[in-house]
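# Per-entry structural report
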Amino acid sequence: MNSQIRLKPAPHPQSVDEFQDIDLLIDRSVLHGYRGKQFLADESAVVVTQGSCFARNIARSLSRMGQKVAHLNVNEYINTTFANACFFEYALNRDNCPSKVAALFADKVPDSEVARFKATVRSCAAFILTIGVAPIWISRETGEMVLAPDKRRMGEFEMRTSSVADNRKNIKQIARLIRAEAPNAEIFLTLSPAPLNYSFEMPSTVVADCLSKSTLRVAIHEAMHNLDGNVQYWPSFEVVRWIGSHLPPVFGDDDGHPRHVSDWIVDHITR
């Protein structure tokens, strides 16, 4: 090891007073000088948001700031990297989509929506993928993933936290599918700060949520090593969960719901 190398530390905020100016704090302690892309100044540029329910928050925030946004409002069960990888395969690579994957969406997403989504992705300036939760549902009989269990036969299914390796693979697959359709688009990966709604795997949903987000954050980090330079990580999760622990309510400020990220903090993230 070269004894002359000195690393400049990136300190955690040193005083609670630093939390008075959230934008400045985000810039100094989270983004480290990262600057937004100039294409967002183009009023004609379209940003696509997709992934988990948090994608809707981002879409609404961008709209409030005057950005053109396209968001495909799919069912909440498409909130894992597994479900999203299958959906993107179905929507963007339909001719080569495996029949099992096609069957998952054939009666759930109209062809017109799929065609519109594909056309929008092809022409977008940026694609924001929000990654939601790590637990997936597995059929006890077949061992295969299901998008959502039949609530009348819950005993036939098992909830299981998926692995870092599998999520990393799914993220890379999704990025490749987007890139094939939109070669010049900027791709932003972001981890949704919205917590799990429930857990059938662990007695505590709070603990299960910690495992879920930790798994996904590591998967994103590892996937980034093998993706091109136009794929970037956007640390919305860190702003809400870490910076947010020092701030007024970052959940439920608009409607009192403890899983709904407050609009004011989403606007800080987007800005």
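Anyway, here's the lowdown on the structure attached to this text.

Rules used throughout
- Residues numbered from 1 in each chain as written.
- Predicted model: local features only at pLDDT ≥ 70, side-chain atom pairs only at ≥ 80, totals over all residues.
- Heavy atoms only, no water.
- Helix = DSSP H or I, 4+ residues; strand = E, 2+ residues; numbered from the N terminus.
- Rg over C-alpha atoms; globule rule 2.2 N^0.38 Å.
- Contact = heavy atoms within 4.5 Å.
- Areas by Shrake-Rupley, 256 points an atom, 1.4 Å probe, with all protein chains shown as cover.
- Buried < 20%, exposed > 50% of the residue type's maximum accessible area, 1.4 Å probe, protein only.
- Salt bridge = Lys/Arg side-chain N within 4 Å of Asp/Glu carboxyl O.
- Pairing = 2+ DSSP bridges.
- Phe/Tyr/Trp six-rings, centres within 6.5 Å; stacked < 30°, edge-to-face > 60°.
- Lys NZ or Arg CZ within 6 Å of the ring centre and 35° of its normal.
- Right-handed = clockwise from strand over helix to strand, strands pointing away.
- Polar contact = N/O pair within 3.5 Å; in protein donor to acceptor, adjacent residues only side chain to side chain.

### Quick look at the overall build of the protein
- Scanning the protein from terminus to terminus reveals 9 helices and 8 strands.
- For the protein, whose C-alpha radius of gyration is 19 Å, the value lies close to the compact-globule estimate of 18 Å for 271 residues.
- Seen through its principal axes, the protein has C-alpha atoms that stretch 55 × 50 × 45 Å.
- A separation threshold of at least 6 residues defines the contact pool for the protein, and within that pool the share at least 24 residues apart is 65%.
- When the accessible surface of the protein is summed, it comes to about 14400 Å², and 52% of that surface belongs to carbon and sulfur atoms.

### Quick look at helix H2 (residues 54-64)
- Taken residue by residue, H2 has Phe54, Ala55, Asn57, Ile58, Ala59, Ser61 and Leu62 as its buried positions.
- In the stretch just after H2, Gly66 is the one whose phi turns positive, near 90 degrees.

### Some remarks on the environment of Leu196
- Relative to the helices and strands, Leu196 is located in the loop between strand S7 (186-191) and helix H7 (205-224).
- As a C-alpha pair, Leu196 and Ser212 span 16 residues in sequence and 8.2 Å in three-dimensional space.
- Among all residues touching Leu196, those that are not within four sequence positions of it are Val133, Pro135, Thr205, Ala208, Asp209, Ser212 and Arg259.

### So, the pattern of salt bridges
- Taken as a whole and judged by the stated rule, the model has 13 salt bridges.
- Linking Arg64 and Asp263 is a salt bridge whose minimum nitrogen-to-oxygen distance equals 3.9 Å. Note that Arg64 is positioned in helix H2 and Asp263 in helix H9 (residues 263-270), a separation of 199 residues in sequence.
- According to the relative accessible area criterion, Arg64 is partly exposed, its value standing at 42%.
- By relative accessible area, which is 26% here, Asp263 ends up partly exposed.
- Between Asp150 and Arg153 there is a salt bridge, and its shortest N-O distance comes to 3.3 Å.

### A short note on the sheet that holds strand S5 (residues 145-146)
- Strand order in the open sheet formed by 3 strands is S5-S4-S6, and the pairing between neighbours is antiparallel. Since the sheet does not close on itself, it has two edges, and those belong to S5 and strand S6 (157-161), each with one partner.
- The sheet contact formed by strand S4 (residues 135-139) and S5 spans 2 bridges and is antiparallel. Its bridge partner lying in S5, Ile138 is registered against Met145.

### Observations regarding the packing of aromatic side chains
- For the structure shown, the criterion picks out 11 aromatic pairs.
- Aromatic side chains Phe87 and Phe88 sit 6.0 Å apart centroid to centroid with 90 degrees between the ring planes, which places their arrangement in the edge-to-face category. A single burial state applies to Phe87 and to Phe88, both of which are buried.
- A centroid spacing of 6.5 Å and a plane angle of 70 degrees characterise the contact between Phe188 and Trp234, whose relative ring orientation is edge-to-face. You can see Phe188 sitting in strand S7 and its partner Trp234 sitting in the loop between strand S8 (231-233) and helix H8 (236-241), a full 46 residues away along the chain. As far as burial versus exposure is concerned, Phe188 and Trp234 are alike and both buried.
- In this structure an aromatic cluster arises from ring pairing among Phe87, Phe88, Tyr90, Phe105, Phe117 and Phe127.
- Positioned over the ring face of Tyr233 is Arg217, at 3.8 Å from the centre of the ring.

### Considering the pairing of strand S2 (residues 68-71)
- For strand S1 (residues 46-50) and S2, the ladder comprises 4 bridges, and the chain directions are parallel. Note on S2: the bridge partner recorded for Val47 is Val69.
- Between the parallel pair S1 and S2, the chain is carried across by H2, and the sense of this crossover is right-handed.

### Structural notes on the environment of Ser212
- Position of Ser212 relative to the elements: it lies in helix H7.
- Exposure remark for Ser212: the relative accessible area of 0% places this residue in the buried category.
- If sequence neighbours within four positions are ignored, Ser212 has contacts with Val133, Ala134, Pro135 and Leu196.
- Within the structure, the side chain of Ser212 is placed 2.9 Å from the backbone nitrogen of Ala134, a separation counted as a polar contact.

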